[in-house]
Amino acid sequence: MNTMLRSICRVGGITNKLCRLSKSTSPAAVLPVSSRLPAVTFLPARHMSNDSALMSALNNEILHEEGAVSYDSSQPSDFTRSVEGATIILQKQFNNETIRVELDLNNNTELAPAEDDPEETPPQYLPSFKIEVSKPQGKLVFSCNYHMTTEEQNLDQFVISEVAFVAPGQEDSMAFTTDFGNLDYVLIEEFENYLTRRGLGPEFSSTLFEMSAEFEHHNYVKFLKNVRDFVN
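Residues numbered from 1 in each chain as written. Predicted model: local features only at pLDDT ≥ 70, side-chain atom pairs only at ≥ 80, totals over all residues. Heavy atoms only, no water.

Visitor: Explanation requested: unusual backbone geometry in the structure shown.
Guide: With the exception of glycine, the majority of residues adopt a negative phi angle, and the majority of peptide bonds are in the trans configuration. Of note, Asn 95 is a non-glycine position whose phi angle comes to about 55°, a positive value. You can see Asn 95 is positioned in the loop between β4 (87-94) and β5 (97-110). (Helix = DSSP H or I, 4+ residues; strand = E, 2+ residues; numbered from the N terminus.)

Visitor: Is there a simple way to explain the pattern of salt bridges in this structure?
Guide: Pairing is possible between side chains of opposite charge, provided their charged atoms come close. On inspection of all chains with the given rule, the structure shows 8 salt bridges. Close ionic contact of Arg 100 with Glu 102 constitutes a salt bridge, the shortest N to O distance being 3.1 Å. Asp 172 is paired through a salt bridge with Lys 139; the nearest N and O atoms lie 3.1 Å apart. Of this pair, Asp 172 sits in the loop between β8 (159-166) and β9 (177-179) while Lys 139 is found in strand β7 (residues 138-145), placing the two residues 33 residues apart along the sequence. The exposure class of Lys 139 is buried, given its relative accessible area of 18%. (Salt bridge = Lys/Arg side-chain N within 4 Å of Asp/Glu carboxyl O. Buried < 20%, exposed > 50% of the residue type's maximum accessible area, 1.4 Å probe, protein only.)

Visitor: I keep staring at helix α2 (residues 185-196) and nothing clicks. Help me out?
Guide: Structural remark: α-helix, 3.6 residues per turn; residues separated by three or four positions point the same way. For α2, with 12 residues, the first-to-last C-alpha span of 17 Å sits near the 16 Å given by 1.5 Å per residue. Elements in contact with the buried residues of α2: β5, β6 (125-135), β7 and β8. Among the residues of α2, the N-terminal cap falls to Asp 184, whose side-chain oxygen and the backbone nitrogen of Val 186 are separated by 2.9 Å. (Expected span 1.5 Å × (residues − 1). Contact = heavy atoms within 4.5 Å. Polar contact = N/O pair within 3.5 Å; in protein donor to acceptor, adjacent residues only side chain to side chain.)

Visitor: Looking at this model, I keep getting lost on the packing of aromatic side chains. Mind explaining?
Guide: Two aromatic rings, taken as a pair, are described by how far apart their centres are and by the angle between their planes. Counted under the stated rule, the structure contains 8 aromatic pairs. On the numbers, 5.3 Å between centres and 75° between planes, the contact of Phe 129 with Phe 158 is edge-to-face. One end of the pair, Phe 129, is in strand β6; the other, Phe 158, is in the loop between β7 and β8, with 29 residues separating them in the sequence. Here Phe 129 falls in the buried class, since its relative accessible area comes to 5%. Taken together, a centroid distance of 5.6 Å and an interplanar angle of 75° make the contact between Phe 142 and Phe 191 edge-to-face. Of this pair, Phe 142 sits in strand β7 while Phe 191 is found in helix α2, placing the two residues 49 residues apart along the sequence. Summarising the burial analysis for this pair, Phe 142 and Phe 191 share the class buried. Clustering of aromatic rings is evident, with ring pairs tying together Phe 79, Phe 129, Tyr 146, Phe 158, Phe 204 and Phe 209. Its guanidinium or amino end placed over the ring of Tyr 194, Arg 198 lies 3.7 Å from that ring's centre, counting from NZ or CZ. (Phe/Tyr/Trp six-rings, centres within 6.5 Å; stacked < 30°, edge-to-face > 60°. Lys NZ or Arg CZ within 6 Å of the ring centre and 35° of its normal.)

In short, geometric facts, not functional conclusions.
Laid out in structure tokens, this is it:
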């Protein structure tokens with residue numbers, strides 16, 4: 001599970017910095033679950049000790065994560081939201097077009113490390129997503145991400161990495177895809193204006209990032225609790 005999105009610091013409820021959350025070094029406030037269960041004498045002591053340690057670690061991590069970050073729940077205006085597993089889907093109508101945004105937590109982009117990083121921090125990740133603008137004549141598909149370094153953080157502008165045109169009835173994987181950065185700079189600017197006119201500009205960009213951070217954190221805590229219930 002990628003943990004970049006859980007390391008978001010907020011001031012006044014607005015995302016303004018990416019950072020690594022430090023783990024608390026104070027004694028755990030949660031007792032191991034095994035200490036509250038009847039003794040099971042037929043299991044080897046070593047097996048019980050290992051499971052107790054895992055349960056304690058899970059409880060401590062859940063306690064830490066539930067108090068680590070607070071979020072202001074929001075979503076881009078005019079969009080309806082649905083969730084399929086680890087994927088957020090936003091959708092709206094614009095004239096005769098259907099605009100669909102799909103963000104999969106399991107498909108993230110690695111954050112570019114700082115040039116001088118003496119500590120060699122572990123890889124961290126930012127969300128990637130796909131924008132589709134559909135009409136009866138076909139659809140445009142933009143592959144996007146938040147491309148930044150640990151030193152440069154601009155959540156108001158996502159980056160388009162690729163663009164494709166998908167004909168009616170054609171599979172997305174069969175469509176020709178071109179690198180967005182290799183397009184003529186005038187064409188790049190007009191594509192960006194095209195998306196902004198459809199409500200996919202700076203405000204959308206920052207709101208989507210905050211929403212994905214909250215969604216990732218929720219799924220991580222849910223994952224921890226599911227594993228705890230499984231191990232128990």
